[in-house]
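Structure at a glance
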Amino acid sequence: MRVNLELQPWITTDDDMAFDSHNITREEVADRIAVMQLQESSTYKVVDYMKLSKRNLFSWTLNMDARTAMSAWCFRVVDTCGMEREIVASAMNMLDRFMNTSDGSTLLKDKVGYQLAGMTSLALAMKWMKNIQLDTIVLAEMSNGNFTEEDFCIMESRILAALEWRVCGPTALDFVFYYLALIPGVKGMVLRAILDNARYQTELAVSDYDLVRERPSHVAFAAVLNAMETLQEDGLFSSQEKEVFLEQAQRFALIASHQVEAIRLYLDHIVSEYHGGSSVKDLMECMVDAYGKELLLTPGIDKCPHPEEQSQQDNQSPVCVSHR
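Treat the numbers as computed from the prediction; the structure is a model and nothing was measured. (Residues numbered from 1 in each chain as written. Predicted model: local features only at pLDDT ≥ 70, side-chain atom pairs only at ≥ 80, totals over all residues. Heavy atoms only, no water.)

**Some details on the overall build of the protein**
To be explicit about the condition: In this text, helices come from DSSP runs of H or I with a minimum length of four residues, and strands from runs of E with a minimum of two, each type numbered from the N-terminal end. Here the term buried applies to any residue with accessible area under 20% of the maximum for its type, exposed to any over 50%, and partly exposed to those in between, with areas from a 1.4 Å probe on protein chains only. Contacts were defined at the residue level, with two residues in contact if any of their heavy atoms lie within 4.5 Å. Per-residue accessibility takes into account occlusion by the displayed protein chains alone, with areas from the Shrake-Rupley method and a 1.4 Å probe.
Along its length, the protein carries 14 helices and 0 strands. The secondary structure elements of the protein, listed N-terminal to C-terminal, are α-α-α-α-α-α-α-α-α-α-α-α-α-α. A burial count over the protein gives 54% of its 324 residues as buried. Of the contacts made within the protein by residues no fewer than 6 positions apart, 81% connect residues no fewer than 24 positions apart. Approximately 14600 Å² of the protein is accessible, and the part contributed by carbon and sulfur atoms is 49%.

**Examining the packing of aromatic side chains**
This is how it is decided: Only Phe, Tyr and Trp rings take part, Trp by its six-membered ring, and two of them pair if their centres are within 6.5 Å. Stacked means planes under 30 degrees apart, edge-to-face means over 60, and tilted covers everything else.
For the structure shown, the criterion picks out 5 aromatic pairs. Taking the centre distance of 5.5 Å and the plane angle of 85 degrees together, the rings of Y49 and Y209 count as edge-to-face. Taken together, the positions of Y49 in the loop between helix 1 (26-40) and helix 2 (64-81) and Y209 in the loop between helix 8 (190-206) and helix 9 (216-233) put the pair 160 residues apart, joining distant regions of the chain. Residue classification places Y209 among the buried positions, given a relative accessible area of 4%.

**A few points about helix 4 (residues 111-130)**
What counts here: A helix is expected to span 1.5 Å multiplied by its residue count minus one. Two N or O atoms count as a polar contact when they lie within 3.5 Å, although within protein this holds only if one can serve as hydrogen donor and the other as acceptor, and sequence-adjacent residues are included solely when both atoms are side-chain atoms.
End to end, helix 4 covers 28 Å across 20 residues, agreeing with the expected 28 Å (1.5 Å per residue, within 8%). For helix 4, the tally of buried residues reaches 16 of 20 residues, placing the bulk of the element in the interior. The backbone nitrogen of V112 has a side-chain oxygen 3.4 Å away, supplied by the residue at the start of helix 4, namely D110.

**Some remarks on the nonpolar core**
Condition: By convention a nonpolar core is built from buried Ala, Val, Leu, Ile, Met, Phe, Trp, Tyr and Cys residues, the set being connected through side-chain atoms within 4.5 Å.
In terms of nonpolar packing, the biggest core is built from 50 residues, with V176, Y179, I183, I194, F221, V224 and F245 touching the most fellow members. Going through the elements one at a time, helix 1, helix 7 (172-180), helix 8, helix 9, helix 10 (239-253) and helix 11 (261-274) are the ones with two or more residues in this core. Counting 48 residues, the second-largest nonpolar core is a separate cluster that includes M92, F98, F147 and C168.

**As for the packing of helix 7 against helix 8**
Heads up, the rule is: Every axis corresponds to a line fitted to the C-alpha atoms, with the helix fit spanning only the stretch in contact, and the corresponding angles, defined between N-to-C directions, vary from 0 to 180 degrees. By the definition adopted for this analysis, an angle is roughly parallel if under 35 degrees, roughly antiparallel if over 145, roughly perpendicular if from 65 to 115, and oblique otherwise. The crossing is said to be left-handed when, going from far helix to near helix, the turn is anticlockwise and less than a right angle, and right-handed when the turn is clockwise. Under the scheme applied, nonpolar residues are Ala, Val, Leu, Ile, Met, Phe, Trp, Tyr, Cys and Pro; charged residues are Asp, Glu, Lys and Arg; polar residues are all the others, including Gly.
Where helix 7 contacts helix 8, the two axes come as close as 10 Å, and the packing angle between them is 160 degrees. Between helix 7 and helix 8, the angle is such that the two are roughly antiparallel. Every pair of crossing elements has a handedness; the one defined by helix 7 and helix 8 is right-handed. Counted together, A172, L173, V176, F177 and L180 of helix 7 and L191, I194, L195, A198, R199 and T202 of helix 8 form the full contact between these two elements. Each residue belonging to the contact of helix 7 with helix 8 can be placed in one class, and the counts come to 9 nonpolar, 1 polar and 1 charged.

**A short note on the environment of S217**
One can find S217 in helix 9. Accessibility expressed as a relative area gives 1% for S217, which makes it buried. For the pair S217 and L173, spaced 44 residues apart in the sequence, the C-alpha separation amounts to 8.7 Å. Among residues more than four places away in sequence, those in contact with S217 are Q37, E40, F175, Y179 and I255. At 2.5 Å, the side chain of S217 forms a polar contact with the side chain of E40.

**Some remarks on helix 7**
The buried fraction of helix 7 is high, at 9 of 9 residues. Where helix 7 is concerned, the buried positions are A172, L173, D174, F175, V176, F177, Y178, Y179 and L180.

**Here's the deal with the environment of K242**
By the secondary structure assignment, K242 is in helix 10. Judged by relative accessible area, which is 14%, K242 ranks as buried. With 14 residues separating them in the primary sequence, K242 and M228 have C-alpha atoms 7.6 Å apart. Not counting chain neighbours up to four residues away, the residues in contact with K242 comprise M228, E229, Q232 and F237.

**Comments concerning the environment of L246**
By secondary structure assignment, the location of L246 is in helix 10. Here the alpha-carbon distance between L246 and I183, two residues 63 residues apart in the chain, equals 8.7 Å.

**Re the side chain of Q248**
For Q248, the location among the structural elements is in helix 10. Assessed through its relative accessible area of 18%, Q248 is described here as buried.

**Digging into the packing of helix 1 against helix 7**
Interaxial distance between helix 1 and helix 7 falls to 10 Å at its minimum, and their mutual angle equals 160 degrees. By the criterion of interaxial angle, the relationship of helix 1 to helix 7 is roughly antiparallel. Once helix 1 is placed against helix 7, the crossing between them reads as left-handed. On helix 7, the residues that touch V29, R32, I33, M36, Q37 and E40 of helix 1 are D174, F175, Y178 and Y179. Here the contact of helix 1 with helix 7 is composed, by residue class, of 6 nonpolar, 1 polar and 3 charged.

**Structural notes on the confidence of the model for the protein**
Predicted coordinates in areas of low pLDDT are best not read in detail. Counted only if it meets this: One number per residue, pLDDT, summarises how confident the predictor is, and it ranges from 0 to 100.
Of the residues in the protein, 74% have a pLDDT of 70 or more, and the chain-wide mean is 81. Scored below 50 in pLDDT, residues 10-22 makes 37 contacts in the model with residues more than four places away or belonging to other chains. Low pLDDT, under 50, characterises residues 310-324; the predicted model gives this stretch 40 contacts beyond four residues in sequence or across chains.

Encoded structure:
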């Protein structure tokens, strides 16, 4: 089962949401990536919790399709509300980690409880990342009457307690933005094309359980390399620029291309499966045609959202959905 997710170009001309790679030093990038890598390998690490769910012909057990359906619902909600899809990445990470706790593991055979936890995780991610509070009345209505306001309040308390209030960790997209800061000066909207393509790959990865145990930093690096390779074949990104980027990534992010080769192939497989045989390369070529090579090569349009603007996490705890 695959989530129905269309590519949405992320183009912004807002100077407040833009950055030039020269505005952030390589040392700063290295420090921030190191912190996020520590977080993804410890506090926000996801394990294969579904192996705990034993198949039973006479009762429902959590499976990959159920998780994909939950993520698909989350994507529909954020798309309808016009919010960033990265919210879903945080919500699913939260849900996955909750399922690996002693409390959350009780939902491995509870379909209704799992749906409630998924909806609550999305609401928490919205508040934590965008300070958008979904009233419990709205959540109850969204559930088509399956859950009450009290159900959401109780589940929120369970999730926060189980995760010790460690809600939203680093996402693959967070890493993508910092990796972009390591790419040497490029012309026009080439940087934007890499961002759009890599971001879409990370969005598809969110719904795939086979990638849930992979580090977000590795998924992000694989997605960037896939996007970069296609532009290189189109003559929009030179082999020299790629070599410099790989050297920068090895030095400042402690990551090399051979570490993510399997993930690169799997991401290409996901894109191909979703788009009826089209590869990441085919997808990028469509984007290049849409942007136009002349626009891609136009100097002065090389702005991307600054990683600090994208990462709105702070030391404050999210408020409760019941506003308590």
